Amino acid sequence: MSIDAIRQYIRVEILDDETVSIEADEDLMMNQVLDSMDVMRLVTHLEQSCGFKIPPQDVTLEHFSTLRRIDSYVTARRNGDQLV
Amino acid sequence: MTDFLIHSPVAHYARVTPQQAALSFAGHEMSYAALDAASNRLAHALISSGLKRQGRVGIFMHKALSLGVAIYGILKAGGVFVPLDPFMPVERLGFILDDCEIGHLVSADGMAGALKQLEPTRPLTVFGVGVETGLASVSWSQIDAEPASAPDVWLIDQDLGYIMYTSGSTGNPKGMMHSHLGSITYARWGRSHVGLTAGDRVASHAPLHFDLSIFDFFSTAQAGATVVLVPEQVTKFPASWTQYIESERISVVFTVPFTLIEMMQRGAIEQRDLSSLRWILFGGEPYPPKHLRALMAALPNARFTNVYGPAEAPSCTCYDVPPLADDDDQPIPIGTVSCNSDDLILDDDDGECADGEAGELCIRSSTLTRGYWKRPDLNQRVFFERPSYGHFPDIYFRTGDYVVRHPDGLLRYLGRKDRMVKTRGHRVELDEVEAALASHPAVSEAAAFVVPDAHGSKQIHACVTLCDGARADAAVLMRHARTKIPAYALPRHLDVADDLPRTSSGKIDRRQLAATNAGQPAHGTES
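Just so it is clear, the structure is predicted and the values come from calculations on it, not from any experiment.

What counts as what
The residue numbering used here restarts from 1 in each chain and proceeds along that chain's sequence as written. Chains carry letters and ligands carry numbers; both start at the beginning, A for chains and 1 for ligands, and go up in the order they are written. Confidence filtering applies because this is a predicted model: local features only for residues at pLDDT of at least 70, side-chain atom pairs given and counted only at 80 or more, and all residues used for totals across whole chains, interfaces and linings. Side-chain measures were taken over the full set of non-hydrogen atoms in the model, leaving aside hydrogen atoms and water. Think of it this way: any DSSP run of H or I at least four residues long counts as a helix, any run of E at least two long counts as a strand, and we number them from the N terminus. Using C-alpha atoms as the atom set, the radius of gyration is obtained and then compared with a globule rule of 2.2 Å times the number of residues to the power 0.38. Burial classification: accessible surface area is computed with a 1.4 Å probe over protein chains only, and a residue below 20% of its type maximum counts as buried, one above 50% as exposed, and the rest as partly exposed. We call two residues contacting when some pair of their heavy atoms lies within 4.5 Å. Strands pair, by our definition, only if DSSP identifies at least two bridges between them. Working convention: axes come from line fits to C-alpha atoms, limited for helices to the stretch in contact. Angles between N-to-C directions cover 0 to 180 degrees. Just so you know how the angles are binned, under 35 degrees is roughly parallel, over 145 roughly antiparallel, 65 to 115 roughly perpendicular, and the rest oblique. Two helices crossing with the near one rotated counterclockwise from the far one by less than a right angle form a left-handed crossing, whereas a clockwise rotation gives a right-handed crossing. Buried surface area refers to the total accessible area, computed with a probe of radius 1.4 Å, that the two partners give up upon joining, counted for both partners together. Each reported salt bridge corresponds to a side-chain nitrogen of Lys or Arg within 4 Å of a carboxyl oxygen of Asp or Glu. Counting of polar contacts relies on pairs of N or O atoms within 3.5 Å, with two restrictions inside protein: one atom must be capable of donating a hydrogen and the other of accepting it, and residues adjacent in sequence are counted only when both atoms are side-chain atoms. The nonpolar class holds Ala, Val, Leu, Ile, Met, Phe, Trp, Tyr, Cys and Pro. Asp, Glu, Lys and Arg form the charged class, and all remaining residues, Gly among them, are polar.

## Some words on the overall build of chain A
Scanning chain A from terminus to terminus reveals four helices and zero strands. In sequence order, the secondary structure elements of chain A are arranged as α-α-α-α. Compactness check: chain A gives a C-alpha radius of gyration of 12 Å against a globular reference of 12 Å for 84 residues, within 12% of the reference. Taken along the three principal axes of its C-alpha coordinates, chain A extends 35 × 25 × 20 Å. When each of the 84 residues of chain A is scored for burial, the buried share is 49%. Sequence separation of at least 24 residues holds for 50% of the intrachain contacts in chain A that already meet a minimum separation of 6.

Okay, here's the thing in C-alpha cells:
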C-alpha cells in the first residue's frame, strides 16, 4: 500500500471520480474529500488489503487526516513499530 | 452587570475573575479579561467601518479562539451576528450575504480561497483577514490598534443578537431572528438546568451555525466557565474526540445522537479516562434507546438530558433520562416544557388536545424567534395569536411537530407534521417506521422517506445502516418491521447501506436520500 494506492482507492471507490486531485499532505476532512463514514470504508479496505486489524483507537486525526499520514501509519504497522 | 444582554457576562467576569479562561482551543486559552479587551477592539473597528446598531455581521471561519472574539465583538458593537457554515458552497454564502444585507464579515486568512470567489452585490468589508482577497479588509493587527474599552452602544433586550440560517423548503436557506431576550432566556435555562459553575469546561462541538452552539457559548458565559472549542477535524474522528474530552477535561457536552453513537462505537471509550464528563445533553433528532443505554452504561457517572426544540424555539422541552431497562425500546420522551415556556397541543381544527391525544405542539415563550428574516409569508404560517388561559391574546409558534402527552405528564415526540404520510388511505408517521426498523438488534440507524412514484402518489422507502459486525439483509429487517407496524406502513423499498448522508449539523439528510432514491423500483428489498 502506497500513497498512490490509497489515493487511487479513494478516487475510484469512494469519490467515484478518477480525475480528483488529492495532495499527499492535503487535509482530507477540512477539504471535504472524506467524511467520517468514508474513513470507516477506507479502514475496512486497508484491513483487508494489509491483513491486519486497525483498532478504533488508532483511527485518529494523527493517523488518518492526510494520505501521507495514512501511509506512514500503515508502514509503521507493517514494520511492527510502536505507535504514539 | 447589564444582565439583559447576551454578551454582558464577558465584561462582568473580566472584572470579577479576569484570569479565568473564557475560551480554550487546541491547547491555547483566552481569559475573560483578554476576550473582553479583544472583543471591544473588534467592536470599535466595526463601528469605525460604518456598522450601525442591529447591522448584520457574518462570521465565516473555522473553530478558533477568534470565533469567540467575533461573536462578542459584533454584539458589543450593537450588531447582529450571522453564523455562516465555513464549509458551505460559495453560491450559498453569496445568497445569505445578499439576503441578510451583510456589509461586514469576520473571517480568517484560511478562508481566503472562498472569499476570493465571492462576488458581493453590496460593499463588503472583511475583518480578521490579512491576506489579499480582492475585498476591503481589516487585519487583526489593525483591529489590535483600537481601544480596549467598551464602546458606548445602547441596546435593549428586544434587539436582535443573532440570525441563524437553516435549510428552507424552497432550496434557499431562511434566517431566524433571535433577540437578546430569547437568547439570554435560553442561556439561563441551560446554566440552571445543568448547574454550570466556573469550574465547568463546556465543549463547543456543534458548528456555530447550529443552534446548540448558543448553549455552548452563552450558558457557559453565564457561569463564568470555559468554552472548549473542538477543532472540526477532531469532530470527524470519534477516537480523537474522546481523546480531546480526556485531555481537555471537558465536563459538559451538548451534541446530536449521531456523534454519541459514533463515540460509543468507535471512540475507544474503554481506553480513555472520561471521568471529567458529568453531563451530556443531546437533541436534534431521536436517540435510539439501545444506543443511549450502551453509552449510559459506559459513562455511569454522567447525567443525560434529551433536549427538544426547533431552531425557532430552542430548548422547548427537556427530559433527564433515568436508567433504561434492558428491554425498553420505546422512544425517549421529550419530557416537559423548560422554564419560561408554555406548551399547547392542538388538533387539526386548532382545538386543544386532551392527554393521550396526538396533536401539533405549539409554544409560547420568550425564547421564540422574532420571526424569519424578510419572510412575512412564513411568519404568517407559523405564528398565530390565541388567548392565553382565556385572557389576553399572545403569540404562539407552530413547531410543525406532532406530540402526545402521556398520563405521566411527559411529552412524546411522534414526528414532523410534514413527515406524516397518507398512504393507502392510512396516516403513517415516518418516524414510527424508522423506530420499527431501528429496534432490530442489527440496525444501527434507520431513515424513512417519501419518494414519488410514476403515478404521482407517494411511496415510503427506507434505508438502514448496521451495527459494527452485525449481519442482516433487507428481508430479515422487513420481517421484523412487520411485527412492529401495520402492513400499510411498511416501506416499499428498503436498502441496507454502508452509511447515510448527513447535513452539516450531523443529522441524517433525508432530502438527499429521497432525491437519490427517486426512481427506485417499488417492492424492492436490497442489501
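After that view, the rundown keeps rolling.
## Quick notes on the environment of Ala112(B)
As for its placement among the helices and strands, Ala112(B) is situated in helix α5 (residues 112-117). Once the C-alpha coordinates of Ala112(B) and Val129(B) are considered, the two residues, 17 residues apart in sequence, prove to be 7.9 Å apart.

## Things to note about the side chain of Thr369(B)
Residues and elements named next belong to chain B. Topologically, Thr369 is positioned in the loop between β18 (359-365) and β19 (371-372). For Thr369, a relative accessible area of 4% translates into the label buried. If near-sequence neighbours (up to four positions away) are discounted, Thr369 is found in contact with Met176, Met177, His178, Glu312 and Phe383.

## As for the pairing of strand β17 (residues 341-346) of chain B
Two faces make up the sheet, and in a regular strand the side chains alternate between them. All names here are of chain B. Judged by how many residues are buried, β17 sits mostly within the fold: five of six residues are covered. Bridge count for β17 against β18 is six bridges, and the pairing is antiparallel. Across the sheet, the residue bridging to Ser341 is Ser365, located in β18.

## Notes on the packing of helix α1 (residues 3-15) of chain A against helix α2 (residues 36-50) of chain A
Residues and elements named next belong to chain A. At a minimum axis separation of 11 Å, α1 and α2 run at an interaxial angle of 120°. By the criterion of interaxial angle, the relationship of α1 to α2 is oblique. Here α1 runs over α2; the crossing is right-handed. Judged by residue contacts, Ile6, Tyr9, Ile10, Glu13 and Ile14 of α1 engage Asp38, Arg41, Leu42 and His45 from α2.

## Brief notes about the interface of chain B and chain A
With 18 residues of chain B at the interface, the matching set in chain A holds 17 residues. For the pair chain B and chain A, the summed buried surface comes to about 1,600 Å²; carbon and sulfur atoms form 67% of the total. Counting across the chain B and chain A interface gives zero salt bridges. Seen at the junction of chain B and chain A, the total is two residue pairs in polar contact (both at pLDDT 80 or more). Within the residue set of the side of chain B that touches chain A, elements represented by two or more residues are α9 (232-236), α10 (238-248) and α11 (257-266) of chain B. Sort the elements by how many residues they give to the side of chain B that touches chain A and α9(B) lands first, with four residues. Taken together, the residues that form the side of chain B that touches chain A break down as six nonpolar, five polar and seven charged.

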